[in-house]
Protein chains: 2
Amino acid sequence: MKQDGPLSHLIRQLSILPGLGPRSARRAALTLITKKDDMMFPLIKALQEAADQIKTCPVCGALDDTSPCRICNDPSRDKGLICVVATLTDLWAIERAGGFRGIYHVLGGVLSALDGIGPDNLNLSDLQSRISDAPPREVILALPATVDGQSTAHVVMDILGENASIKVTRLAHGMPIGGELDYLDDGTILTAFQARG
Amino acid sequence: MKQDGPLSHLIRQLSILPGLGPRSARRAALTLITKKDDMMFPLIKALQEAADQIKTCPVCGALDDTSPCRICNDPSRDKGLICVVATLTDLWAIERAGGFRGIYHVLGGVLSALDGIGPDNLNLSDLQSRISDAPPREVILALPATVDGQSTAHVVMDILGENASIKVTRLAHGMPIGGELDYLDDGTILTAFQARG
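The model shown is predicted, which means the values in this text are computed figures rather than measured ones.

Peer 1: An account of the interface of chain B and chain A is needed here, citing residue identities and associated values.
Peer 2: Interface extent is often summarised as the accessible area lost during association of the parts. Every contact between the two is made by 46 residues of chain B and, on the other side, 46 residues of chain A. With both chains or domains summed, chain B and chain A bury close to 4600 Å², and 75% of this area falls on carbon and sulfur atoms. The three residues of chain B that bury the most area against chain A are Pro-18, Leu-47 and Trp-92 of chain B, which together make up 14% of that side's buried surface. For the pair chain B and chain A, the interface holds zero salt bridges. At the surface where chain B touches chain A, the tally comes to two residue pairs in polar contact (both at pLDDT 80 or more). Counted by class, the side of chain B that touches chain A contains 28 nonpolar, 10 polar and eight charged residues.

Peer 1: Lay out the nonpolar core with the relevant residues and their values.
Peer 2: The biggest cluster of nonpolar side chains holds 116 residues, and the ones touching the most others in it are Leu-10 and Leu-14 of chain A together with Leu-10 and Leu-14 of chain B. Leu-10 of chain A has contacts with Ala-29, Ile-33 and Met-40 of chain A together with Leu-43, Ala-46, Leu-47 and Ala-50 of chain B, leaving out every residue within four places of it along the chain.

Peer 1: A description of the environment of Leu-124 of chain A should follow, citing residues and the corresponding values.
Peer 2: Within the secondary structure, Leu-124 of chain A sits in helix α6 (residues 124-133). The spacing of Leu-124 of chain A and Lys-55 of chain A is 69 residues in sequence and 19 Å in space, taken between C-alpha atoms.

Peer 1: Account for the pattern of salt bridges, naming residues and giving values.
Peer 2: Evaluated as defined, the whole model comprises 12 salt bridges over all chains. As a salt-bridge pair, Arg-70 of chain A and Asp-64 of chain A come within 2.7 Å of each other at their nearest N and O atoms. Where Glu-95 of chain B meets Arg-77 of chain B, a salt bridge forms, and the shortest distance between an N and an O atom there is 2.7 Å. Of this pair, Glu-95 of chain B sits in helix α5 (residues 88-97) while Arg-77 of chain B sits in the loop between α4 (70-73) and β3 (78-85), and the two are 18 residues apart along the sequence. Overlapping salt bridges bring together Asp-64, Asp-65 and Arg-70 of chain A as one network.

Peer 1: Outline the side chain of Ser-24 of chain B, listing residues and values.
Peer 2: In this fold, Ser-24 of chain B is placed in helix α2 (residues 22-34). Ser-24 of chain B has contacts with Pro-18 and Gly-19 of chain A, leaving out every residue within four places of it along the chain.

Procedures and definitions
Residues numbered from 1 in each chain as written. Chains lettered and ligands numbered in written order. Predicted model: local features only at pLDDT ≥ 70, side-chain atom pairs only at ≥ 80, totals over all residues. Heavy atoms only, no water. Contact = heavy atoms within 4.5 Å. Buried area = accessible area lost by both parts, 1.4 Å probe. Salt bridge = Lys/Arg side-chain N within 4 Å of Asp/Glu carboxyl O. Polar contact = N/O pair within 3.5 Å; in protein donor to acceptor, adjacent residues only side chain to side chain. Nonpolar A, V, L, I, M, F, W, Y, C, P; charged D, E, K, R; others polar. Core = buried A, V, L, I, M, F, W, Y, C linked by side-chain atoms within 4.5 Å. Buried < 20%, exposed > 50% of the residue type's maximum accessible area, 1.4 Å probe, protein only. Helix = DSSP H or I, 4+ residues; strand = E, 2+ residues; numbered from the N terminus.

Read these as geometric descriptors, not functional statements.
Structure follows, in structure tokens:
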């Protein structure tokens, strides 16, 4: 295989996708080329359509092919309840779980000294103006239970703290449903004990 | 996310790639959309170029952007030595290992009753006509050490058996370099003992 040929070029482009290493990129490229009509052309079309049609929602920062996004546009969603998430995949996880009928604010990541992500790299100023334009009843911080996630939560709390009428809550910590004690880390067990009720 | 929108369409197309499940397809789609210039447009271009330029080599069945492929065209490769492999990824593995200076024949898979792959689905008739047009000195069967791989090897041997002047060899079985006995399966240990020397 020529190192600068179209095949190795495709493999290189595939291998930088999250979740695909060099080996699976080679297998994926081979599958795509041998199944042009079934897989390659539909993938090219899907990528092209997504590139053309997907926009960032100016209200919440999510991605959708309508602007504002479907959730912000949905009259049945409770606009007084804003759930702050780090990424769109977190938003999707909450939507898959069902049950939440409010709206979202997608920060686009969490603060990370290691990756050089500071408050300016996150969708925080939009949150600030959104909150002051139309103060919600409650803001739920659904940020990762990691050090970076929690320091991000603190920054969001600082922004929200300026408006005393807003109730700020966080997701509960504890045992996952179906979890077994023997497989849980000490931090989760301790938190579950402290928050028992 | 709308179930028939461009985003879920892209995720579905990505998730049927080998090595990508639903979760990694979601992450990959999100990464592509947020990094359009760095990742999505180059990927579309690479796919389009591969779809346009990559052809199946009429001699050996490999894929390349030249026809016949670079290996078949290379005057420094020994045309009297044909290595039969199941897939192009196996060919690449041998090329990465270096050392083999002959040419290849890619069958495009192995016989599999489970997947409904019979002798007619493999690149066998081309091998037969290739062998009778220009008989090589030696054919090396580099097929997987699985039941399906070995039954494929038998079918290839039957085809080659018609020409008695061709020497047919197989890759040796034994301990992998760096392998530890305690981690090897019984079959490999027994084979390594029988083939000791």
